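Structure assessment
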Amino acid sequence: MPTAWRRRWQRLKHDRRAALVAFLVIGVVLALLPFVTGELLGRSWVRILDFALLYIMLALGLNIVVGYAGLLDLGYIAFYAVGAYLYALLASPHFGLHWPVWAILPMGAMLAAGFGVLLGAPTLKLRGDYLAIVTLVSVRSSASS
């Protein structure tokens, strides 16, 4: 093995070790963060972190639909909204329901999947602009009703 390759290999092994150590340190800090900052910062940072993680998940969904699948789907977020609406209805104390989170999450996922199948079945063959128009129109019609 030439010395240049050996040096690169050693540097790569060192970089992987450094990345693993950094990842573990960040993980430990994030795991201890709720216990340490409770009195110092209040609970507002939890809400900010929740929104950040929510937007990360929505961006990953957009990356899957547009980036990997190559489909211009303007209505993929409607399925998230359907599940969130069901969660808000069933967890709301205003209607006297207030169901537990672990009972509502699967129901919200199944309802969103059901609406996805209802919209996806007729639009399986569409591509490009036609798919974007159909998904945009279906989102507008469901939002208006």
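Residues numbered from 1 in each chain as written. Predicted model: local features only at pLDDT ≥ 70, side-chain atom pairs only at ≥ 80, totals over all residues. Heavy atoms only, no water.

So, the confidence of the model for the chain
Note the cut-off: What pLDDT expresses is the predictor's confidence in each residue, scored from 0 to 100. Each helix is a run of DSSP H or I of at least 4 residues and each strand a run of E of at least 2, with the numbering of both proceeding from the N terminus.
Scored by pLDDT, the chain comes out at a mean of 78, with 82% of its residues at no less than 70. Looking across the chain, the model is least confident in helix α6 (residues 129-144), with a mean pLDDT of 65, and most confident in helix α5 (residues 101-120), with 88.

What about a nonpolar patch on the surface?
Note the cut-off: For patch detection, residues must exceed 30% relative accessible area and be free of salt bridges, and they are connected within 9 Å for like charges or within 5 Å for nonpolar side chains (Val, Leu, Ile, Met, Phe, Trp, Tyr). Using the Shrake-Rupley algorithm and a 1.4 Å probe, accessible areas are obtained, with residue cover drawn only from the displayed protein chains. What counts as a salt bridge is simple: a side-chain nitrogen of Lys or Arg found within 4 Å of a carboxyl oxygen of Asp or Glu. Burial status follows relative accessibility: with a 1.4 Å probe on protein chains alone, a residue under 20% of its type maximum counts as buried, one over 50% as exposed, and anything between as partly exposed.
Taken together, the side chains of Leu62, Val66, Leu72, Leu74 and Leu136 define a hydrophobic patch exposed on the protein surface, amounting to about 380 Å² of accessible area. Within the secondary structure, Val66 is located in helix α3 (residues 44-68). Judged by relative accessible area, which is 35%, Val66 ranks as partly exposed.

Some words on the packing of aromatic side chains
The geometry of an aromatic ring pair is captured by the separation of the ring centres together with the interplanar angle, meaning the angle of the planes. Going by this rule: Whether two aromatic rings pair depends on their centres lying within 6.5 Å, for rings of Phe, Tyr and Trp, where Trp uses its six-membered ring; planes under 30 degrees apart make the pair stacked, over 60 edge-to-face, and the rest tilted.
In this structure the tally under the stated criterion is one aromatic pair. Pairing Phe51 with Tyr55 gives two aromatic rings, centres 6.2 Å apart and planes at 25°, and the pair type is stacked. In this pair, Phe51 and Tyr55 are both assigned in helix α3, four residues apart and thus about one turn of the helix distant. For Tyr55, a relative accessible area of 52% translates into the label exposed.

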